[in-house]
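Spelled out from the first residue to the last, the chains are:
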Amino acid sequence: MKAEINGIQMGFEIIGGMGLPIVLIHGFGLNRSIWKAMAENYLSEHTVILPDLRGHGESQAPTGAYSMDVLADDLSALLDFLNYEKAVICGHSMGGYVTLAFAEKFPKRLSGLGLITTHAAADSEAKQKDRYQMVEAVRENGAVVLAESLAPKLTKDDSIRRQSHQILAGTDPAGIIGAIMGMAERPARMDLLPEIEVPTLVVAGNEDQIIEVEIARQMADSLPQGRFLLIEDSGHMPMIEAPKALGEGLSWLLSKVKADKV
Ligand code: MLT
């Protein structure tokens, strides 16, 4: 499905369609397909909204930087389009940065929060430098450069690596560049965490090569209603590497949100 929002066509789909709305936001260079099997198998009694962030999947990829705030505005506009006042918002990696921007901008629209293999810090100078080098490399040689560099870090499972590589290599270079620039410029949001009052699940993979487990644990400790879930035998992609464990974690989050409302 497509929604016309904030000057772009945004691709999305809905799985289930009866219970509480939950939005699952993919990470950098990926798209909504990463969630599909997990959502169908473990969350279909809820209303699972899977957007493609601008520049990714079936969404349009305008040129220029995509700040995390702009990506959060797109999600808020998608909720308007679908007539949902509030939703549980969950983000994977860069999707987590967008989730935190959403929590800061639209706290009243948030009924629960999921932070999946992500963190709340800003980029170091070294990380920013790497990002700008990647922008140049993608400009010159296309999305495959990102796929070659990122896919091996996402998981040690060969078939999930191949699947991720294929998605990354197929992403519009303008979308990759827009997202990289937005991530490089994003602010730290650690100070926001103690202010987030809704039930929150923080998920880490014990084999994640990108996000340290301890950082995720500290985030959960800073959140008033934070629960930490460590998933064994998973790297950066628990929605595909360990769908049952993540699906059960998200079901717990939804039950907590429901209980909160009663
Ligand atoms: C992601 O998986 O979304 C990215 O690795 C996040 C990042 O580059 O900071």
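In case you missed it, the structure is sitting above this.
For clarity, every value in this text was computed on a predicted model and none was experimentally measured. (Residues numbered from 1 in each chain as written. Predicted model: local features only at pLDDT ≥ 70, side-chain atom pairs only at ≥ 80, totals over all residues. Heavy atoms only, no water.)

Draft legend 1. Spotlight on the site of the ligand. G27, F28, S93, M94, Y97, R131, M183 and H236 make up every residue found near the ligand. At a separation of 2.8 Å, an oxygen atom of the ligand approaches a polar backbone atom of F28. Contact between the ligand and Y97: an oxygen atom at 2.5 Å from a side-chain N or O atom of the residue. Relative to its unbound accessible area of 270 Å², the ligand is 94% covered by the protein chains. For the shell around the ligand, the per-class residue count stands at 4 nonpolar, 3 polar and 1 charged. (Near = heavy atom within 4 Å. Polar contact = N/O pair within 3.5 Å; in protein donor to acceptor, adjacent residues only side chain to side chain. Areas by Shrake-Rupley, 256 points an atom, 1.4 Å probe, with all protein chains shown as cover. Nonpolar A, V, L, I, M, F, W, Y, C, P; charged D, E, K, R; others polar.)

Draft legend 2. Structural view of the pairing of strand β5 (residues 87–92). When you tally the buried positions in β5, you get 6 out of 6 residues, the bulk of the element. Of the two faces of β5, the one lined by A87, I89 and G91 and the one lined by V88, C90 and H92 are each fully buried. As paired elements, strand β3 (residues 21–25) and β5 share 4 bridges and run parallel to each other. For L24, the partnering residue across the bridge sits in β5 and is C90. Pairing of β5 with strand β6 (residues 110–116), which is carried by 6 bridges, proceeds in the parallel orientation. Paired with C90 across the two strands is G114, which belongs to β6. Crossover β5 to β6 through helix α3 (residues 94–105) is right-handed. (Buried < 20%, exposed > 50% of the residue type's maximum accessible area, 1.4 Å probe, protein only. Helix = DSSP H or I, 4+ residues; strand = E, 2+ residues; numbered from the N terminus. Pairing = 2+ DSSP bridges. Right-handed = clockwise from strand over helix to strand, strands pointing away.)

Draft legend 3. Local environment of the sheet that holds strand β2 (residues 8–16). Overall, mixed pairing links the 8 strands, which are arranged β1-β2-β4-β3-β5-β6-β7-β8 in an open sheet. Strands at the two margins of the open sheet, each flanked by one partner only, are β1 (2–5) and β8 (226–231). Each strand of the sheet is rotated relative to its neighbour by a mean of 25°, with strand direction disregarded. Two elements, β1 and β2, share 4 bridges in a ladder whose sense is antiparallel. (Axes fitted to C-alpha atoms, helices over the stretch in contact; angles between N-to-C directions.)

Draft legend 4. Unusual backbone geometry, seen in detail. Even without glycine at this site, N6 takes up a positive phi of about 45°. Inspection of the secondary structure puts N6 in the loop between β1 and β2. Overall, the relative accessible area of 42% leaves N6 in the partly exposed class. In this structure, N83 takes a positive phi of about 65° despite not being glycine.

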